[in-house]
Amino acid sequence: MNKRDIYYSMGPATRRLFRRIYYFPIDIIEKISGKRHPMAPPKGRVFIGSGDFIKQGQGILKQLKDYGGLKPNHRVLDIGCGIGRLAVPLVGYLDEKKGSYEGFDIVKSGIDWCKKKIQTKHPNFNFTHIDLRNELYNLKTDKNANNFVFPYKDDEFDFAFLTSVFTHMMPEDVSAYLEQISRVLKKGGVCFATFFVINEESGELMKINDVIKFDHKFENYYLHNPKVKEANVAFDESYLDELIIKHGLKIKNKHFGYWPGRPKDECVDFQDIYILER
Ligand SMILES: C[S@@+](CC[C@H](N)C(=O)[O-])C[C@H]1O[C@@H](n2cnc3c(N)ncnc32)[C@H](O)[C@@H]1O
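This text gives an overview of the structure that appears in the document. Worth saying up front: this structure is predicted, and the values here are computed from it rather than measured. (Residues numbered from 1 in each chain as written. Predicted model: local features only at pLDDT ≥ 70, side-chain atom pairs only at ≥ 80, totals over all residues.)

This part takes up the overall build of the protein. Looking only at helices and strands, one finds eight helices and eleven strands in the protein. Relative to a compact globule of 278 residues, whose C-alpha radius of gyration would be 19 Å, the protein shows 18 Å and is just as compact. Here the protein, with 278 residues, has 37% of them falling under the buried criterion. Summarising the internal contacts of the protein: among those between residues at least 6 apart in sequence, 69% fall at separations of at least 24. (Helix = DSSP H or I, 4+ residues; strand = E, 2+ residues; numbered from the N terminus. Rg over C-alpha atoms; globule rule 2.2 N^0.38 Å. Buried ≥ 20, exposed ≤ 12 C-beta atoms within 10 Å, placed from the backbone. Contact = placed C-beta atoms within 7 Å.)

Encoded structure:
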């Protein structure tokens, strides 16, 4: 078992406790020295991956603008908003009066942090906790994502995004979410979503490079680790494209990522980016 799989096998609550303990000394030092960015959570509370929280958020915001066409006056939906990695830079980008933000996630600690640090100070930002099951993030409930109706009106949003969320969801859940995205987006509205997409090229590259593997093939999708299904999920390109179109969305652009070993300087991001339009 490699480090990644040991980490996944811990279960969400143990994993989060492990992070709190592991980062405790750094978090204390950063707090005392005032070194932590005022809008960054302590490292031990960040459950969405590693790296520089603030820099990553700014980098992804740039992608939303450059490749998705996000504008300051948009009404924005952040699906699987985690602990506010994108909400933080969006506070400085969205127009206080004309722009607004909704974010939801299945991990309560992330939503609690966002409510306390962002929502209380910025009335155009709103966060919602939704208790749904995910093998990697939330085992406390049996409620499935595949029949979850987003708590928003039809045609409400100009822009929706999911960064590293569909990479942790099973096909039936992705299908249900695409249907909901199609419902809540305005006509002409854009969805920026990241995936792991398997096609001939990525399939071949994955075999020869020392990269994340999706060795467990199912009908239209692939798992990295079948014991923790949602740890990482990849989709067949043709299946994914059909699913998107079936739910009334157009594929405007695809930017394949460097995850299978494509040259980094030729890619926008690690994951594959899809730009969809309602
Ligand atoms: C790798 S994190 C990315 C978080 C955030 N999008 C970001 O870029 O910082 C994946 C997130 O997806 C959330 N998630 C998983 N399944 C979900 C679902 N069915 N609905 C909403 N969020 C979900 C997890 O709780 C977690 O916060």
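What follows continues from the structure just given.
Before going further, it helps to spend a moment on the sheet that holds strand β7 (residues 216-217). Spatially, β6-β9-β8-β7 is the arrangement adopted by the four strands of the open sheet, whose pairing is mixed. Two strands bound the open sheet, and with one partner strand each, they are β6 (197-198) and β7. Alignment of β7 against strand β8 (residues 221-223), held across two bridges, turns out to be antiparallel. Counterpart to H216 in the pairing with β8 is L223. Packed onto the sheet, helix α8 (residues 237-246) meets β6 and β9 (233-236) and runs at close to 85 degrees relative to β9. (Pairing = 2+ DSSP bridges. Axes fitted to C-alpha atoms, helices over the stretch in contact; angles between N-to-C directions.)

Moving on to the site of the ligand. Surrounding the ligand, one finds 22 residues, the nearest of these being G80, G82, R85, A145 and T163. Classifying every residue of the shell around the ligand gives eleven nonpolar, eight polar and three charged. (Near = placed C-beta within 6 Å. Nonpolar A, V, L, I, M, F, W, Y, C, P; charged D, E, K, R; others polar.)

With mixed pairing, seven strands are arranged side by side in an open sheet as β3-β2-β1-β4-β5-β11-β10. Looking at strand neighbours, the two that pair on one side only are β3 (125-129) and β10 (250-255), the edges of this open sheet. Going from strand to strand, the sheet's axes swing by 15 degrees on average, the running direction of each strand aside. With three bridges connecting them, strand β1 (residues 75-79) and strand β4 (residues 157-162) associate as parallel partners. Counterpart to D78 in the pairing with β4 is F161. Across the sheet, helix α5 (residues 108-119) is in contact with β2 (100-105) and β3; its angle to β3 comes to roughly 160 degrees.

What follows deals with the pairing of strand β5 (residues 185-195). Summarising burial for β5: eight of the eleven residues are buried, a large majority. Where β4 meets β5, five bridges bridge the pair, whose relative direction is parallel. Across the sheet, residue F159 finds its bridge partner in β5, namely V190. For the segment spanning β4, helix α6 (residues 171-184) and β5, crossover handedness is right-handed. (Right-handed = clockwise from strand over helix to strand, strands pointing away.)

Mapped onto the secondary structure, R36 falls in the loop between α2 (12-33) and α3 (53-68). Not counting residues within four places of it along the chain, the set of residues in contact with R36 comprises E30 and K31.

Bringing the pairing of β3 into the picture now. By the bridge criterion, five bridges tie β2 to β3 in an arrangement that is parallel. Note on β3: the bridge partner recorded for Y101 is F125. Running through α5, the crossover from β2 to the neighbouring parallel element β3 is right-handed.

One finds A87, A160, C191 and A193 to be the most contacted residues of the largest nonpolar core, which totals 60 residues. Per element, the largest residue contribution to this core is six residues, and it comes from β5. For A160, the contacting residues outside a window of four places in its chain are L77, I79, I181, L185 and C191. (Core = buried A, V, L, I, M, F, W, Y, C linked by C-beta atoms within 7 Å.)

Right, let's get into unusual backbone geometry. Phi is positive for D155, which is not a glycine, with a value near 55 degrees. One non-glycine residue, S164, lies in positive phi territory at about 60 degrees.

Our focus in this paragraph is α2. Its 22 residues give α2 an end-to-end C-alpha distance of 30 Å, which sits within 8% of 32 Å, the value for a rise of 1.5 Å per residue. When the local axis directions of α2 are compared, the greatest deviation, roughly 55 degrees, occurs at F24, which is followed within four positions by the proline P25. Directly after α2, the chain includes G34, whose backbone phi takes a positive value near 70 degrees. (Expected span 1.5 Å × (residues − 1). Bend = angle between axes of the 7 residues up to and from the residue.)

As for its position among the elements, R20 is in helix α2. By C-beta crowding, R20 is classed as partly exposed, having 15 other C-beta atoms within 10 Å. Remark: the alpha-carbon pair of R20 and V46, spanning 26 residues in sequence, is separated by 8.9 Å.

You can see V107 is positioned in the loop between β2 and α5. In sequence terms V107 and I244 are 137 residues apart; their C-alpha atoms lie 26 Å from each other. Every residue in contact with V107, bar those within four places of it in the chain, is listed here: F47, Y137 and N138.

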